[in-house]
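Listed below, chain by chain, are the residues.
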Amino acid sequence: MVKKYPIVIVVLFILLAFFFIFFIKILLSNKDYSYDLIQVDYKTSKIIHIKNKLPVSDKIGKSFTGEGTSDGIQGYIELSLTNPNTVSVSYDIILTEDLNLESSRINSNYIKIYLTDNNDIPFDGFNSRKIPTFHELGVLKDKPESRLLYRGYLNPEEVKNIKLRVWLSDSYSISASSSSKEKEFYAEIKVRDNRRIYEG
């Protein structure tokens, strides 16, 4: 019997260690790590709709104010992001193309994308002389029809105002044969904080 005591002690130690780990996991799971989701306010439509009507230069496209959105000449979206939390929150701005227009889609190599703040200062990735096309933007692994426009952080109680301008590149050729067939580019802007997508 004396020789069996060490084995019993080892078994008891293992059981105590198991219950200790289990107890710690329960405590951690009950701890409140929650915070309010960032608030997204769309000041315009969330939809981009471009037709193959009027290719424009980057200089003109960057100056768009939304007056030609109803005609499909330009895409223009304004939104604001608000972080109501006491901690910083990361977010992604995503543009998702509608692929259901396969037979009449404008090639995304000709769709120019320009993202700025409310003072028309371009975000990182949009501040070079060459304005990126939708095709050139980073593809999301879980959403191949979507492109990552921007990934950033909102400081506690920070508000960020954003403008998105989209236009048909002046490298797009409209010939007499192609102009008779209307082509379109549809996309929707979304925001996510890596936990959920805000669709407004």
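Residues numbered from 1 in each chain as written. Predicted model: local features only at pLDDT ≥ 70, side-chain atom pairs only at ≥ 80, totals over all residues. Heavy atoms only, no water.

*Asks:* It is not clear to me how the overall build of the chain should be interpreted in this structure. Could you clarify?
*Replies:* A count of helical and extended segments in the chain gives three helices and ten strands. Per-residue burial over the chain gives 38% buried out of 200 residues. Working note: accessible area of the chain is about 12200 Å², and carbon and sulfur atoms make up 56% of it. (Helix = DSSP H or I, 4+ residues; strand = E, 2+ residues; numbered from the N terminus. Buried < 20%, exposed > 50% of the residue type's maximum accessible area, 1.4 Å probe, protein only. Areas by Shrake-Rupley, 256 points an atom, 1.4 Å probe, with all protein chains shown as cover.)

*Asks:* Even after reading the chapter, I still don't get the nonpolar core, so can you show me in this structure?
*Replies:* What tends to happen in soluble globular proteins is that the nonpolar side chains get buried as a cluster. Core analysis: the largest hydrophobic core is formed by 37 residues, its most contacted members being Ile48, Leu79, Leu95, Ile111, Ile113, Leu115 and Leu164. Put simply, the parts of the chain that give this core at least two residues each are β1 (39-42), β2 (47-51), β3 (74-82), β4 (89-97), β5 (111-117), β7 (143-154), β8 (159-168) and β9 (184-192). Broken down by element, this core gets its largest block of residues, five residues, from β8. Dropping the residues within four chain positions of it, Leu115 is found in contact with Ile93, Pro122, Phe123, Phe126, Leu149, Tyr150, Ile162, Lys163 and Leu164. (Core = buried A, V, L, I, M, F, W, Y, C linked by side-chain atoms within 4.5 Å. Contact = heavy atoms within 4.5 Å.)

*Asks:* Can you help me understand the packing of aromatic side chains in this one?
*Replies:* When we look at a pair of aromatic rings, we describe it by the centre distance and by the angle of the planes. Under the definition given, this model contains six aromatic pairs. Considering the side-chain rings of Phe64 and Trp167, the 6.4 Å spacing of their centres and the 85° angle between planes classify their relative orientation as edge-to-face. Taken together, the positions of Phe64 in the loop between α2 (58-61) and β3 and Trp167 in strand β8 put the pair 103 residues apart, joining distant regions of the chain. Here the two residues Phe64 and Trp167 agree in accessibility, since each one is buried. Geometrically, the ring pair formed by Tyr91 and Tyr150 is tilted, given 6.2 Å between the ring centres and 45° between the ring planes. (Phe/Tyr/Trp six-rings, centres within 6.5 Å; stacked < 30°, edge-to-face > 60°.)

*Asks:* I would appreciate a short explanation of the sheet that holds β8 in the present structure.
*Replies:* Two modes of strand pairing occur in sheets, parallel and antiparallel, and in both the strands are linked by backbone hydrogen bonds. Strand order in the open sheet made by the four strands is β1-β3-β8-β5, with antiparallel pairing throughout. In the strand order of this sheet, the two ends are held by β1 and β5, each with one partner. Neighbour-to-neighbour, the strand axes of the sheet open up by a mean angle of 20°, direction not taken into account. Direction of pairing for β3 relative to β8: antiparallel, over a ladder of nine bridges. Within β8, the position partnered with Leu81 by the bridge is Lys160. (Pairing = 2+ DSSP bridges. Axes fitted to C-alpha atoms, helices over the stretch in contact; angles between N-to-C directions.)

*Asks:* Would you explain the pairing of β1 in this entry?
*Replies:* For a regular strand, side chains alternate in direction, first toward one face of the sheet and then toward the other. Burial along β1 is one-sided: the face carrying Val40 and Tyr42 is buried and the face carrying Gln39 and Asp41 is not. Inspection of the sheet shows β1 paired to β3 by four bridges, in the antiparallel sense. Looking across to β3, one finds that Asp41 is bridged to Ser80.

*Asks:* Would you mind going over unusual backbone geometry with me for this structure?
*Replies:* Working note: non-glycine residues mostly have negative phi, and peptide bonds are mostly trans. A positive phi is found at Asp120, a non-glycine position, where the angle reads about 65°. Position of Asp120 relative to the elements: it lies in the loop between β5 and β6 (138-140). Overall, Asp120 belongs to the partly exposed group, its relative accessible area being 36%. Even without being glycine, Glu157 reaches a positive phi, approximately 60°. Within the secondary structure, Glu157 sits in the loop between β7 and β8. Overall, the relative accessible area of 61% leaves Glu157 in the exposed class.

*Asks:* What should I look at first to understand the pattern of salt bridges in this one?
*Replies:* A pair can form between side chains of opposite charge whenever their charged atoms are brought close. The final tally for this structure, using the stated rule, is ten salt bridges. A salt bridge links Arg165 to Asp120; the shortest N-O distance between them is 3.0 Å. Highlighted residues: Arg165 in strand β8 and Asp120 in the loop between β5 and β6, separated in sequence by 45 residues. One salt bridge connects Glu158 with Lys160, and the closest N-O pair in it is separated by 3.7 Å. Residue Glu158 is classed as partly exposed on the basis of its relative accessible area of 22%. Linked by salt bridges that have partners in common, Asp92, Arg151 and Arg192 make up one network. (Salt bridge = Lys/Arg side-chain N within 4 Å of Asp/Glu carboxyl O.)

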